[in-house]
Each structure stands twice: as C-alpha cells, then as structure tokens.
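Structural description and commentary
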Amino acid sequence: MIEGVTQRLLYLQEYSRFTIIHRDLKASNILLDNDMRPKIVDFGIAGIFQKDEHEANSGRIVGTL
C-alpha cells in the first residue's frame, strides 16, 4: 500500500501536466479500490502549480491539525 501511495504522489509531483500539492494527506484520505490499490482522495485544499514554478506561497494555513 505504501508503494502505491508513493507512486501516486510521484505522479502528482513529476508526471502530471501541473504540479499538484495535496496539502492534507492522511490515512482517511487514502481509499482502496476493489483490487486493493490505494487511491488518494479529497483534493479540496490541494494546490495546483505550473511546471515552471520553483516556489509557491499559498498565503493561508490549511490542512488537518
């Protein structure tokens, strides 16, 4: 399961068209499909950045305490 989550995070960071920062990754935001593969969910507070951006500031504190 850890490897599956790691592969999905790597995709969001490196291989998608945009860089996506989840910002609220926790156990309750990882679901398993019928084949027991992990799926990352709840992108409500995710940050989406252009690939050429090397630094980004969201301007607010978000996530679960």
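Preceding this section is the structure that the text describes.
Report follows, based on the coordinates.

To continue, consider the overall build of the chain. Within the chain one finds 1 helix and 4 strands. Listed by position from the N terminus, the elements making up the chain come as α-β-β-β-β. By residue count, 22% of the 65 residues in the chain fall in the buried class. When the accessible surface of the chain is summed, it comes to about 5200 Å², and 55% of that surface belongs to carbon and sulfur atoms.

What follows concerns the pattern of salt bridges. If you walk through the whole model with that rule in mind, you get 4 salt bridges. With its nearest N and O atoms 2.9 Å apart, the salt bridge here joins aspartate 33 to arginine 37. The partner of arginine 37 in a salt bridge is aspartate 35, and the shortest N-O contact between them spans 3.3 Å. Residue arginine 37 is classed as partly exposed on the basis of its relative accessible area of 41%. The class for aspartate 35 is exposed, based on a relative accessible area of 54%.

Bringing a nonpolar patch on the surface into the picture now. Together, Met1, Leu32 and Met36 line one region of the surface with nonpolar side chains, adding up to about 340 Å² of accessible area. Relative to the assigned elements, methionine 36 resides in the loop between strand S2 (30-32) and strand S3 (38-40). Taking the relative accessible area as the measure of exposure, methionine 36 reaches 56% and is therefore exposed.

Along the polypeptide, isoleucine 40 turns up in strand S3. A relative accessible area of 12% means that isoleucine 40 is categorised as buried. C-alpha separation for the pair isoleucine 40 and isoleucine 30, spaced 10 residues apart in sequence, amounts to 4.7 Å. Beyond its immediate stretch of four places on either side in the chain, isoleucine 40 contacts Val5, Arg8, Leu9, His22, Leu25 and Asn29.

Parameters at a glance
Residues numbered from 1 in each chain as written. Predicted model: local features only at pLDDT ≥ 70, side-chain atom pairs only at ≥ 80, totals over all residues. Heavy atoms only, no water. Helix = DSSP H or I, 4+ residues; strand = E, 2+ residues; numbered from the N terminus. Buried < 20%, exposed > 50% of the residue type's maximum accessible area, 1.4 Å probe, protein only. Areas by Shrake-Rupley, 256 points an atom, 1.4 Å probe, with all protein chains shown as cover. Salt bridge = Lys/Arg side-chain N within 4 Å of Asp/Glu carboxyl O. Patch = residues over 30% accessible without salt bridge, like charges linked within 9 Å, V, L, I, M, F, W, Y side chains within 5 Å. Contact = heavy atoms within 4.5 Å.

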